[in-house]
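# Results of the structural survey
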Amino acid sequence: MTSTLPSSSPWTNSTPFVSPHMSEKSQNLDSGDRSSLSDLSDISAAVNDAVDDERRDQTSVTDTTAAAAAVTSVQNVVNPNPNSVSVPIDSSPPNVLYLSFNQDYGCFAAGTDRGFRIYNCDPLREIFRRDFNGSANGGGGIGVVQMLFRCNILALVGGGPEPQYPLNKVMIWDDHQSRCIGELSFRSEVKSVRLRRDRIVVVLAQKIFVYNFSDLKLLHQIETVANPKGLCEVSQVSGSMVLVCPGLQKGQVRVEHYASKRTKFIMAHDSRIVCFALTNDGRLLATSSSKGTLVRVFNTLDGSLVQEVRRGADRAEIYSLAFSPTAQWLAVSSDKGTVHVFNLKVDSAALGVDRPRGTSESNPSSPSAVSHLSFIKGVLPKYFSSEWSVAQFRLQEGLQHIVAFGHQKNTVVILGMDGSFYRCQFDAATGGEMTLLEHHSFLKSEENF
């Protein structure tokens, strides 16, 4: 059995691959990485059924005889892992290795040194967990876990001191069957994974692979500058995929518009890019560099700078950027221990229109990027004419947190690598310090929330 590019693929310059486990004449990928597939007999049906089921939002599976073949949404998955090994229960909390929100920010996943856990955000509750610690397959550590909206299909990569899976493999996990139904293997470590209903994107240190989700056929390969954090984001609007990743030089971002078969390069910063975020429709991109003082927002269609905001004056490591669903607000977290919320002045009607050729792609002094204090530009340093956050929330300095906007109006959800969960609310009119609504440790048992 071989795997080749579909005839309809727009990426005619991509190199088709043949799984080395399935053919004697395997092909090397351009960078020396080799991908392989296994267990493809189940993945197409499982992924398609899972997506259909998630869209229908079924409430329960009552027929236990048919449960092994059914696919359910994650909020209803309660079946135990039939393949797990019975071991003494460790009551101490695990170490968090990885945190990520799902595509609509209604759930989040935590990879730990024992397995992974899935949570609902509002209200906060643990939906299910899988603890591999002590199993025959590995040590239990999960370094990457990505959800596919609210269905039972997840992408897993091993991590921590005792990884459950090799660091160079992406495991496609069907939680209803409590087993892996597919895998992608590479010759180097997988840095991150991104999922859409129709695509799976695997990020290595200097290369990105785009696969069709239903059969894991390779569609596209992208070379990048050194990307140790595995930076990559994809849009979630059906039928119109936009992918954003580092370019081939420091400070550059590459934008792939798959529907129009266009590639856009944006010189976003002078320094190395360490974080970015993409709106779900793929039209707005927020970026920050290793300096961590400025965040820039770009129109991905023409590469123009839409707005520039200032986190602070001193250097900081940006941990997370997040747009609100309407792109009215942008949240930023950093090692300084403060979550900032910025007001974005975006003309959404203009985003669908390409600007004329020759428009500056990343000029920080573009009129759309200058604050209401622009009348003093040229008199005082640029620092004084910067746009600052309208709302803030103070956290423990130095601890890594990721942020997202909650489903309640003007709320922000904050997750910490120590297992902390915060829900805060900001006043859109007056700004200032946010109000704490909830604070929990999500690693504790659910009855303690």
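Residues numbered from 1 in each chain as written. Predicted model: local features only at pLDDT ≥ 70, side-chain atom pairs only at ≥ 80, totals over all residues. Heavy atoms only, no water.

Burial within strand β16 (residues 252–257) is extensive, with six of its six residues counted as buried. Sheet topology note: the strand β15 (residues 242–246)/β16 ladder contains five bridges and is antiparallel. When the sheet's bridge partners are listed, leucine 243 is paired in β16 with glutamate 256. Connecting β15 to the antiparallel partner β16 that follows it, the hairpin turn spans five residues, and glycine 251 within it adopts a positive phi of roughly 80°. Relative to strand β17 (residues 262–267), β16 runs antiparallel, the two being bridged by six bridges. Of the residues in β17, the one forming a bridge with glutamate 256 is threonine 263. A loop of four residues connects β16 with β17, the two strands running antiparallel in sequence, and lysine 261 in this loop sits at a positive phi of about 55°. (Buried < 20%, exposed > 50% of the residue type's maximum accessible area, 1.4 Å probe, protein only. Helix = DSSP H or I, 4+ residues; strand = E, 2+ residues; numbered from the N terminus. Pairing = 2+ DSSP bridges.)

Within the largest apolar cluster, 40 residues are counted, with the highest numbers of intra-cluster contacts made by Val170 and Ile200. Considering every element that reaches this core, the biggest residue donor is strand β7 (residues 153–158), with five residues. Among all residues touching isoleucine 200, those that are not within four sequence positions of it are Val170, Ile172, Leu184, Val193, Arg194, Leu195, Phe209, Val210, Tyr211 and Leu216. Counting residues in hydrophobic clusters, the runner-up holds 17 residues, among them Val274, Val295, Val309 and Leu321. (Core = buried A, V, L, I, M, F, W, Y, C linked by side-chain atoms within 4.5 Å. Contact = heavy atoms within 4.5 Å.)

Taken as a whole, this structure holds 15 salt bridges when the rule is applied. When the shortest N-O distance is used, the salt bridge between aspartate 104 and arginine 150 registers 3.5 Å. Pair noted here: aspartate 104 is in the loop between β2 (96–101) and β3 (107–112) and arginine 150 is in the loop between β6 (142–147) and β7, with a separation of 46 residues, a long-range link. Residue classification places aspartate 104 among the partly exposed residues on the basis of a relative accessible area of 26%. Between glutamate 183 and lysine 169 there is a salt bridge whose closest N-O contact spans 3.2 Å. Taken together, the positions of glutamate 183 in strand β9 (residues 179–185) and lysine 169 in strand β8 (residues 169–174) put the pair 14 residues apart, joining distant regions of the chain. The class of glutamate 183 is buried, set by a relative accessible area of 12%. (Salt bridge = Lys/Arg side-chain N within 4 Å of Asp/Glu carboxyl O.)

The next subject is the packing of aromatic side chains. Overall, the coordinates contain 17 aromatic pairs when judged by the stated rule. Aromatic pair phenylalanine 108 and phenylalanine 442: ring centres 5.1 Å apart, planes at 70°, arrangement edge-to-face. Taken together, the residues span a long stretch of sequence, with phenylalanine 108 in strand β3 and phenylalanine 442 in the segment after β30 (435–441) at a distance of 334 residues. You'll find phenylalanine 108 and phenylalanine 442 in the same group, each marked buried. Relative to tyrosine 211, the ring of phenylalanine 186 lies with its centre 6.5 Å away and its plane at 65°, an arrangement referred to as edge-to-face. Here phenylalanine 186 is found in the loop between β9 and β10 (192–195), whereas its partner tyrosine 211 is found in strand β12 (residues 207–212), with 25 residues between them in sequence. Grouping residues by exposure puts phenylalanine 186 and tyrosine 211 together as buried. (Phe/Tyr/Trp six-rings, centres within 6.5 Å; stacked < 30°, edge-to-face > 60°.)

If a strand is regular, its side chains alternate between the two faces of the sheet. Two strands pair when backbone bridges link them, and strand β24 (residues 338–343) and strand β25 (residues 391–394) are joined in this way by four bridges, in the antiparallel orientation. Looking at the pairing, valine 341 lines up with alanine 391 of β25. Both β25 and strand β29 (residues 432–433) contribute to a ladder of two bridges, which runs parallel. Within β29, the residue paired with glutamine 392 across the bridge is glutamate 433.

Spatially, the five strands line up as an open sheet ordered β22-β23-β24-β25-β29, and their pairing is mixed. Bordering the open sheet on either side are β22 (318–323) and β29, each of which pairs with just one other strand.

With respect to the helices and strands, leucine 436 occurs in strand β30. In contact with leucine 436, other than residues within four places in its own chain, are Phe393, Tyr422, Arg423 and Cys424.

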